[in-house]
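Each chain, written out:
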Amino acid sequence: MATMRRDIGAGHHFIFDNTLVSQPNTEMFSPEFWQLQNKITGQAKGRGTTIFIEHEGQHWVLRHFMRGGLIGKLLSDQYLFNGIERSRPFEEFTLLEYMRGEGLLVPIPVAARIHRRGLIYRGDIITLNIPNSQDLHHVLCQQPLSKNEWHEVGRALARMHNCQVYHHDANVRNIMIDSDKQIWLIDFDRCSKRKGDSWKQSNLDRLLRSLHKEQAKNPVFHWKEDDWTACLDGYNELVKR
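These numbers come from a predicted model, not from an experiment. (Residues numbered from 1 in each chain as written. Predicted model: local features only at pLDDT ≥ 70, side-chain atom pairs only at ≥ 80, totals over all residues. Heavy atoms only, no water.)

## Some remarks on helix 6 (residues 200–217)
Since the α-helix packs 3.6 residues into each turn, any two residues three or four apart lie on the same face. With 18 residues, helix 6 should reach 26 Å at 1.5 Å per residue; the first-to-last C-alpha distance of 26 Å fits that figure. On the buried face of helix 6, the contacting elements are helix 4 (136–140), helix 5 (147–162), strand 10 (165–166), strand 11 (175–178) and helix 7 (225–238). (Helix = DSSP H or I, 4+ residues; strand = E, 2+ residues; numbered from the N terminus. Expected span 1.5 Å × (residues − 1). Contact = heavy atoms within 4.5 Å.)

This is how it looks when you write it as structure tokens:
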């Protein structure tokens, strides 16, 4: 991976992997552009809409940065500019780059951009799609995971924590399992490297809360407390104290 930065004026700033993208531009971050090219293969609704794109043999995931909560109702996709490197798209790209370098199974960053106007910016990120994968929420609505698979979920979280990475929203929808039963972690907006260990338990607690929530909300959800024990066993086996 060869990370580069590019500014094209008018407040447009890019960070990208030049082995995947030669010259980033504003169009590649526009869903309307890809729609006209007939290259959108799917989409997923969340805080915003995530677009799946097939382009030159690559499968991309395009996500526009959106605010959540009450402030999101007012500001939607607007963020206070506090420096290019401290913008949320650039921070997520850089964190993914670091984790990939550490051997973690997280999405490969392709490119990110911000568009600044005065004190406000908007931003987007493109990553490579994880092939042949589904999030755990989708899987658990269909079938249970084995004890060994839950064990691997715990080990994936431990690897992330061993790299001192805090996940802001470690819920069941941000954990993927592929056809080889490998566990991937996704959506690193508002995530960061942190010192110490006191925050790590909150990541585990967040995942457990999301499992309880989905179990209560879905008529079929293949999860039980013993599965959590297997997850913790995998975590404790690998985490550095």
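## Some thoughts on the packing of helix 5 against helix 6
Contact geometry for helix 5 and helix 6: axes closest at 10 Å, N-to-C directions at 145°. Here the hand of the crossing between helix 5 and helix 6 comes out right-handed. The residues of helix 6 that touch helix 5, namely those facing Trp150, Val153, Leu157, Met160 and His161, are Lys200, Asn203, Leu204, Leu207 and Leu211. Broken down by class, the residue content of the contact of helix 5 with helix 6 amounts to seven nonpolar, two polar and one charged. (Axes fitted to C-alpha atoms, helices over the stretch in contact; angles between N-to-C directions. Left-handed = near helix turned anticlockwise from the far one by under 90°. Nonpolar A, V, L, I, M, F, W, Y, C, P; charged D, E, K, R; others polar.)

## Details of the packing of aromatic side chains
Enumeration according to the criterion identifies six aromatic pairs in this entry. When the ring of Phe33 is compared with that of Trp34, the centres are 4.9 Å apart and the planes differ by 70°; the resulting orientation is edge-to-face. When its relative accessible area of 22% is taken as the criterion, Phe33 is described as partly exposed. Aromatic pair Phe81 and Tyr121: ring centres 6.4 Å apart, planes at 85°, arrangement edge-to-face. Of the two residues, Phe81 is situated in the loop between strand 6 (79–80) and helix 3 (88–101) and Tyr121 in strand 8 (residues 120–128); the sequence distance between them amounts to 40 residues. For the pair Phe81 and Tyr121, a shared accessibility class is recorded, and that class is buried. Connected via pairs of aromatic rings, a cluster forms that spans Phe33, Trp34 and Trp60. Above the face of the Phe65 ring, Arg63 is positioned so that its terminal group lies 5.0 Å from the ring centre. A cation sits over an aromatic face here: Arg194 above Tyr166, 3.7 Å from the ring centre. (Phe/Tyr/Trp six-rings, centres within 6.5 Å; stacked < 30°, edge-to-face > 60°. Buried < 20%, exposed > 50% of the residue type's maximum accessible area, 1.4 Å probe, protein only. Lys NZ or Arg CZ within 6 Å of the ring centre and 35° of its normal.)

## With respect to unusual backbone geometry
Phi at Ala10 is positive, roughly 60°, even though this residue is not glycine. Inspection of the secondary structure assignment puts Ala10 in the loop between strand 1 (3–9) and strand 2 (12–17). Even without a glycine there, the phi angle at Lys181 is positive, about 65°. Structurally, Lys181 can be placed in the loop between strand 11 and strand 12 (183–185).

## Re the sheet that holds strand 11
An order of 9-11-12 is seen for the three strands of this open sheet, with the pairing classed as antiparallel. Both outer strands of the open sheet, strand 9 (133–135) and strand 12, are each paired with one neighbouring strand and no more. Mean inter-strand twist for the sheet, computed between neighbouring axes without regard to direction, equals 30°. One ladder, built from three bridges, connects strand 11 with strand 12; its direction is antiparallel. Within strand 12, the position partnered with Met176 by the bridge is Trp184. (Pairing = 2+ DSSP bridges.)

## Re the nonpolar core
Trp150, Val153, Phe188 and Leu211 are the most contacted members of the largest nonpolar core, which has 45 residues in total. It is helix 5 that contributes the most residues to this core, six residues altogether. The contact partners of Phe188, leaving out residues within four places of it in the chain, are Glu92, Leu95, Leu96, Met99, Val106, Met160, Val165 and His167. Phe16, Val21, Trp34 and Leu62 belong to the second largest nonpolar core, which has 14 residues in total. (Core = buried A, V, L, I, M, F, W, Y, C linked by side-chain atoms within 4.5 Å.)

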